[in-house]
Amino acid sequence: MTARSRLVSRYSLAVLAVLLAALLHAALDPVWGGRIPFVAFYPAVVFVAWFAGMGPGLLATVLSALLITRAWLVAPSVSAEGHVVALAFFVSAGVTVSFLVAARDRARDSVDLLLRHTPLGLAIRDADFRYVRVNRALAEMNGLAPGAHRGRTVREVLGDAAADLLEPLLQRVHTTRRPVTVDSLRVPLSDGPSEKGERYFSLIYSPILDGRGRVTGTTASVVEVTARVRAEQALDHERELLQTIIDTIPAMITMFTPDTRVLRLNREFERVTGWTAAEAQRVDFMAACYPDAEYRAMVRRHMEAPEPGWLDLEMTTKSGGVVQTSWSNVRLSDGSRVGIGVDITERKAHEAELVAARATAERANRAKDEFLAMLGHELRNPLSAIGSAVAVLERLRVDDLRGTRATQIIARQTQHLARLMDDLLDVGRVVTGKIILEPRAMDLLAAARRAVATLRAAGVTERHDVSVDGRPVWVTGDATRLEQVVTNLVSNALKFTPAGGTIRVWTGVEGGEALLRVSDSGVGMSPDLLPRIFDLFVQGDQPPERASGGLGIGLTLVRQLVGLHGGRVEARSAGAGQGSVFTIRLPVARTTLSDDAGGRQAGVAPCRILVVEDNADARDMLLALLTLDRHEVVTAADGPAGVDAALRLRPDVALVDIGLPGLNGYEVARRIRATESGRAIKLIALTGYGQSEDMRQAREAGFDLHLVKPVEPGRLDEALRALRPTDAQP
């Protein structure tokens, strides 16, 4: 039916009702004699207004008033004033009824509109739990038309399973006369659209009370929350899965809000710190883990950095202990963060152990260095005395052949002991970087010849054919150290070459590099020994007739010294009994200045010399040796006596031992240099301490030269010659 047809039918109903009222009035008028003309028309107006609305009600009122007035005009039954008053009362009543019904309709329409369009399911039940009214939303939830609910119970509409859950709630409302609220109720609906017929509802049952407080029914407000519950279940599953995953990770993981409030902790975090997530959320967790305010501020800055990286942190545990950790964190889109930490307590303890072990090793190494230095000093004192005694014997020219032979043996073995000791100490210096080179342009061939000449003078080459040839090759190097290299290579060849064998030393240039090659016809080397021949304490098989021993450090020192000169050394051998070849390659020098420029002076002019030495044997032998060279010699046995003798006698040269009683040699030198007369005295440190630090201290104390015991007579002559010109007067 269209709106127009509905409008026509409503007004037609008004006309029809008035006509029926007029017929009824005409039929009853003879009975009451026209005295109550409005009685038949009141029901008609109320009926039309109630069922057809305000407009038809007003129309019925007007038509009724006209018909009644016409009937009064035909046969007036009351006065005009009485008729007007009655008519006015009738019209007012009709209009009032029409407006009241219109207000009711508007209220009903508003309620219907609300019920029709609200997503909230609404229902009214009577005292027997039967539906009185249901809106469209609830009807759709129940799968039944709104009209089909009227008069039916919950059990008839939703089934037994749902009724078993809902009826106790309705009964509670009737009993307590209080509302009942359920946030999430699982209702099994076998014909429902959800999985397994189970749906979730949030509902509120409220009582309807009459004037005497009795429950006459209930109202229901229902919202289906199945989707929300499913989402929450999925979220709970995701959270459980996430927690399970992070609990299996062997790293500490924490999630926290931008204001550092803890959201989640994993099992490893709980194991390391003792804190659970629930406990951490109840306290100021940052203050609990980092009690110191400044330290905590530093941790916060690290956490707030865009890309903080990793930072080692000390964390306080729940029990008050401290653990060492390392942390990084990742910022999420909402500003929260995920922290990832590692327990590094064991690593830190291991590092501390390593530091302690390193410190112990360094102390042990220093102790070793000090021991070796002391050993060298203690050995050099007797060796110095022995060497000086041998030099005295050689210059006295003992006629007895046996005495001469004994003197040569003592000299040779003394030099051997001194060389072994120097090699041992030099290896330690080279390895620790304490050796200092004094490079200058020098002829490698001349250095090789000097080294071999020294060995010949010592008598160690008598049973072998040793030769030096080649061409002059200029390199930049420390002449003393390179001579030491040649001496060690030739000495090694002498050890492993039987008597009568040949040893060749050759120098030249090859491939733009300076070469020094030492070859021998000795026992050779096996292939497995060649890669290790330069390692410390490694020695090859030695022939029974070998004349001298060794410690296996000479070749190690060769490699180290050559490396300090920017060169390299290699060894070759065709095998056992095929001899060996050692080749040294060094950069060629850009200059060819002679390292022997100026030549050597033949002899040293006699001068006045002061010897300050606490070792009696060494002092006496130096006295004898220097006296044979026509020097005027004065001795002193301790530091104070040495200072007194120097200032009183004013010698040309003073040979001062460092390890003196009373005053050490450094203090003796400083006190001599502090005087006007002492500044002219040439001071030579004569000591068993030969490290670079010892030389530096000697220079700073005022010494002109530093000689290491045992000092060969030739080296002592060179020192005196360097300090005293040959034409100097005694």
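The structure under discussion appears in the preceding block.
The text that follows walks through the structure, step by step, so that each part is easy to find.

Rules and cut-offs
- Residues numbered from 1 in each chain as written.
- Predicted model: local features only at pLDDT ≥ 70, side-chain atom pairs only at ≥ 80, totals over all residues.
- Heavy atoms only, no water.
- Core = buried A, V, L, I, M, F, W, Y, C linked by side-chain atoms within 4.5 Å.
- Buried < 20%, exposed > 50% of the residue type's maximum accessible area, 1.4 Å probe, protein only.
- Helix = DSSP H or I, 4+ residues; strand = E, 2+ residues; numbered from the N terminus.
- Contact = heavy atoms within 4.5 Å.
- Pairing = 2+ DSSP bridges.
- Patch = residues over 30% accessible without salt bridge, like charges linked within 9 Å, V, L, I, M, F, W, Y side chains within 5 Å.
- Areas by Shrake-Rupley, 256 points an atom, 1.4 Å probe, with all protein chains shown as cover.
- Salt bridge = Lys/Arg side-chain N within 4 Å of Asp/Glu carboxyl O.
- Polar contact = N/O pair within 3.5 Å; in protein donor to acceptor, adjacent residues only side chain to side chain.
- 1 Å grid on protein atoms, 1.4 Å probe; cavity = no way out; pocket = protein on both sides within 12 Å on 5 of 7 lines; lining within 4 Å.
- Points joined across faces, edges and corners; volume = space filled by probe spheres on them.
- Axes fitted to C-alpha atoms, helices over the stretch in contact; angles between N-to-C directions.

Our focus in this paragraph is the nonpolar core. Grouped burial of nonpolar side chains is what soluble globular proteins tend to show. One finds Val 475, Leu 489, Val 490, Leu 516, Ile 584 and Leu 586 to be the most contacted residues of the largest nonpolar core, which totals 37 residues. At the level of elements, helix 16 (444-457), helix 17 (479-495), strand 14 (502-510), strand 15 (513-520), helix 18 (554-564), strand 16 (568-572) and strand 17 (580-587) are the ones that each hand at least two residues to this core. The element contributing the most residues to this core is helix 17, with 8 residues. Setting aside residues no more than four positions away along its own chain, Val 475 makes contact with Arg 440, Ala 441, Met 442, Leu 444, Leu 482, Ala 514, Leu 586, Pro 587 and Ala 589. In this structure, Phe 129, Val 180, Val 187 and Val 222 belong to the second largest nonpolar core, which totals 25 residues.

Moving on, we get to the pairing of strand 16. Of the two faces of strand 16, only one is covered, namely that formed by Val 569 and Ala 571; the face formed by Arg 568, Glu 570 and Arg 572 stays uncovered. Of the pairings in the sheet, the one linking strand 16 to strand 17 comprises 5 bridges and is antiparallel in character. Along strand 17, the bridge assignment pairs Glu 570 with Thr 583.

Now for a nonpolar patch on the surface. There is a patch of nonpolar side chains on the surface, built from Trp 310, Val 330, Leu 332, Ile 340 and Val 342 and spanning about 420 Å² of accessible area. The topology assignment puts Trp 310 in the loop between helix 13 (293-304) and strand 8 (311-316).

Structurally, Thr 176 can be placed in helix 8 (residues 160-176). A polar side-chain atom of Thr 176 sits 2.7 Å from the main-chain carbonyl oxygen of Arg 172.

Time to look at empty space enclosed by the protein. Evaluation of the coordinates by the stated rule reveals 5 cavities of 30 Å³ or more. Size it by volume and the largest cavity reaches roughly 230 Å³. What lines the largest cavity is a set of 18 residues, among which Thr 254, Phe 256, Met 286, Tyr 290 and Met 303 lie closest to the centre. When contributions to the lining of the largest cavity are tallied by element, the ones reaching two or more residues are strand 6 (252-256), helix 12 (285-289), helix 13, strand 8 and strand 9 (322-331).

Here we take up the sheet that holds strand 8. The 5 strands lie next to each other as 7-6-10-9-8, forming an open sheet whose pairing is antiparallel. At either margin of the open sheet sits one strand with a lone partner, and together these are strand 7 (262-265) and strand 8. For this sheet, the mean inter-axis angle between neighbouring strands, taken without regard to orientation, is 35°. Pairing geometry for strand 6 and strand 7, over 3 bridges, is antiparallel. Paired with Met 255 across the two strands is Arg 264, which belongs to strand 7. On the sheet, helix 9 (residues 226-248) packs against strand 6 and strand 7 and is oriented at approximately 60° with respect to strand 7. Against the sheet, helix 13 contacts strand 6, strand 8, strand 9 and strand 10 (337-343), and its axis sits at roughly 135° relative to strand 8.

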